[in-house]
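Understanding the architecture of this molecule
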Amino acid sequence: MSERRPGERRQSERRRIELEPDTVERDLMKLVLTLVELLRQLMERQAVRRFDTGDLTEDQEERIGMTLMLLEDRMEQLRERYGLRPEDLNIDLGPLGPLLPRG
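The model shown is predicted, which means the values in this text are computed figures rather than measured ones. (Residues numbered from 1 in each chain as written. Predicted model: local features only at pLDDT ≥ 70, side-chain atom pairs only at ≥ 80, totals over all residues. Heavy atoms only, no water.)

Helix and strand counts for the protein chain stand at three helices and zero strands. For the protein chain, the sequential pattern of α-helices and β-strands runs α-α-α. Counting all 103 residues of the protein chain, 18% fall into the buried class. By element, 53% of the accessible surface of the protein chain is carried by carbon and sulfur atoms, the whole surface being about 8,700 Å². (Helix = DSSP H or I, 4+ residues; strand = E, 2+ residues; numbered from the N terminus. Buried < 20%, exposed > 50% of the residue type's maximum accessible area, 1.4 Å probe, protein only. Areas by Shrake-Rupley, 256 points an atom, 1.4 Å probe, with all protein chains shown as cover.)

It is worth spelling out helix 2 (residues 24-53) at this point. Note that an α-helix has 3.6 residues per turn; residues three or four places apart therefore point the same way. With 30 residues, helix 2 extends 44 Å from end C-alpha to end C-alpha; this agrees with the ideal 44 Å at 1.5 Å per step. For helix 2, the full list of buried residues reads Met 29, Leu 33, Thr 34, Glu 37, Arg 40, Gln 41 and Ala 47. In this fold, the buried residues of helix 2 make contact with helix 3 (58-81). Where helix 2 ends, the next residue or the one after it, Gly 54, has phi of about 75 degrees, a positive value. (Expected span 1.5 Å × (residues − 1). Contact = heavy atoms within 4.5 Å.)

Here the structure, examined in full by the defined rule, presents five salt bridges. The salt bridge partner of Glu 37 is Arg 40, with a shortest N-O separation of 2.8 Å. Here Glu 37 pairs with Arg 40, and both are found in helix 2, just three residues apart, close to one helical turn. By relative accessible area, which is 9% here, Glu 37 ends up buried. Here Arg 85 and Glu 87 are joined by a salt bridge, their closest N and O atoms 3.4 Å apart. A network of salt bridges, in which partner residues are shared, links Glu 37, Arg 40 and Glu 44. (Salt bridge = Lys/Arg side-chain N within 4 Å of Asp/Glu carboxyl O.)

The predicted model of the protein chain has a mean per-residue pLDDT of 81, with 80% of residues at 70 or higher. Low pLDDT, under 50, characterises residues 11-15; the stretch is placed with three contacts to residues that sit more than four places away or in other chains. (pLDDT = per-residue confidence, 0-100.)

Turning to a negative patch on the surface, a few remarks are in order. There is a patch of like negative charges on the surface, built from Glu 72, Asp 73, Glu 76 and Glu 80. With respect to the helices and strands, Glu 80 occurs in helix 3. Under the relative-accessibility criterion, Glu 80 is labelled exposed at 56%. (Patch = residues over 30% accessible without salt bridge, like charges linked within 9 Å, V, L, I, M, F, W, Y side chains within 5 Å. Lys, Arg positive; Asp, Glu negative; His and termini not counted. Charge placed at Lys NZ, Arg CZ, Asp CG, Glu CD.)

All right, on to the side chain of Gln 41 then. Along the polypeptide, Gln 41 turns up in helix 2. Overall, the relative accessible area of 14% leaves Gln 41 in the buried class. Apart from the residues lying within four places of it in its own chain, the contact partners of Gln 41 are Leu 100 and Pro 101.

Written out as structure tokens, the structure is:
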């Protein structure tokens, strides 16, 4: 049996989901906020495409912009409430890479 260095874990241990009663609410919120952030980014990209093609009226552009800003503000408030940073929401999908684009 080989010895592992401190802090080193086997690959199977790293992939294991560890649920702790003390962190269940935070972990659940992290998952929910990750999904909301993914959808927010997709909506933002779609809005930019529609802005660029001129499909929207000025009023629609204003409403979409305001909605996206409010959603981003609310996400920030919830991250702060649960002690999460934006990079905490970027789940590593292993060989597929991170869920959210970096940037």
